[in-house]
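What follows is each chain in one-letter form.
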Amino acid sequence: MTVCGMIQPETLEEALEALAGERAMACAGATNLYVDRRHGKYLDFDYVSLERLKELRGIRREADGWHIGSMTSFSELERCEIPFAGALIAAASQVGGPQIRNRGTVGGNIISASPAADSVPPLLALDAVLRLVKAGGVSREVALKDFMKGPGRTDLRHGELLAEVILPHKSGRSVFYKAGKRNALAISLCSCAVYMEERQGAVGEIAVALGSVAPTAVRAQRAEKVLAGARPSEMCRNKLAGPAGDVSAEAAFRERLRAALMEDIAPIADIRATAEYRRRIAFRMVLHNVTELWRCFE
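Residues numbered from 1 in each chain as written. Predicted model: local features only at pLDDT ≥ 70, side-chain atom pairs only at ≥ 80, totals over all residues. Heavy atoms only, no water.

Trainee: Residues and numbers for the sheet that holds strand β2 (residues 24-27), please.
Mentor: Taken together, three strands build an open sheet; the order of strands is β1-β3-β2 and the sheet is parallel. Whereas interior strands pair on both sides, the edge strands pair on one side only; in this sheet they are β1 (6-7) and β2. Summarising the sheet, β2 and strand β3 (residues 46-49) pair through four bridges and their orientation is parallel. Bridging across to β3, Ala24 finds its partner in Asp46. Where helix α1 (residues 12-19) meets the sheet, it contacts β1, β2 and β3, and its direction lies at approximately 140° from that of β2. (Pairing = 2+ DSSP bridges. Helix = DSSP H or I, 4+ residues; strand = E, 2+ residues; numbered from the N terminus. Contact = heavy atoms within 4.5 Å. Axes fitted to C-alpha atoms, helices over the stretch in contact; angles between N-to-C directions.)

Trainee: How would you summarise the pattern of salt bridges if you had to cite specific residues and measurements?
Mentor: Under the criterion given, the structure shown has 25 salt bridges. Between Arg219 and Asp127 there is a salt bridge; the shortest N-O distance is 3.0 Å. In this pair, Arg219 is assigned in strand β14 (residues 218-219) and Asp127 in the loop between α7 (120-125) and β6 (129-134), connecting sequence segments 92 residues apart. We note a salt bridge from Asp264 to Arg222, for which the minimum N-O separation is 3.3 Å. Within this pair, whereas Asp264 is found in helix α12 (residues 247-264), its partner Arg222 is found in helix α9 (residues 221-227), the two being separated by 42 residues in sequence. With relative accessibility at 11%, the residue Asp264 sits in the buried group. Three or more residues joined by partner-sharing salt bridges are found here, namely Asp127, Lys170, Glu205, Arg219 and Glu224. (Salt bridge = Lys/Arg side-chain N within 4 Å of Asp/Glu carboxyl O. Buried < 20%, exposed > 50% of the residue type's maximum accessible area, 1.4 Å probe, protein only.)

Here's what the structure looks like:
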C-alpha cells in the first residue's frame, strides 16, 4: 500500500515551500483527485492542501481587469457580477452537481487540462491570463491559450502554483452552451463559448472557443475571421434578419463558416459521441451562440 502525506500550510509562502519538494502536488477541491487515485494516479505524491489559503479565494476588480483566485469555487463563480462573463457564469452553473460546485475550483479545472473542462472555453473566449507563482517571490503570467498543452498536460513548471486568473476588462457580452448525455452531472460532448461586441450593426470583436473537440479546448480562430464584420442578414435570415434576408447569401456564409470551423477543430470518436456528431453540434452551437448574442444587442 502506498502511503502519502497531506500538508496543510497556513500561508501561501508555506505552500510554495512545500511544493518545491520533489514529490509534492497541490490539492484544491480534490473532486478529481479521488477519481484519479482510484485509477492509480498520483499515489506516491505528498499533497499540499490549499484549503486554508484565503488569499487564493475571491473575485475582485482591479485596473487591469477582474482577478479570480484559483481557489474560487464554481458556486462562487455562479454568483459573480463580472458584466461581460455570462459565459463563465453559465459554465460554472453546469459543472457537476451542487456538491461538486461547492468543492470544485476554477484553478483545479484549469490544471486538470481536460479537453471537456467546462470553465476553460469561456475563459479562452475572454482572453484569460494566468498568474503562476513560485517560492522565492518568483511569478510569471501566461495566456491560458498558451498554457494548455494536451490532455492532462499544461505549462505548469515544478514548484509553481496557479494563484489567480485575470480577465481583462471588456465591453461586450458572452454566452455558453454545453451538450451532454444529461442536463446535469454530465461530461460535455461538446461545449462552446462566444464573446462578441457589436459595431455599427455588424459583428465587432468576436472570440469563439470550444471544448471536447480537440486535444485541448481551442479558440476557433478561422471561424472568428469569417464572423468578424458579418451582419445578421448574412448569418441567419429567419432568426436575425427577418424575411427580407437573402437566402443564397445566408447559405454561402454558413458554408464558409462551417468550412473554417472544421479546420479549427479535430474531434475524436469515443464512448460518448462520434467525431461526426461533434463536428455537427459544434457548428450548430456556434450559430446558436452568435444568435443569442445578437438578441442581447437588439
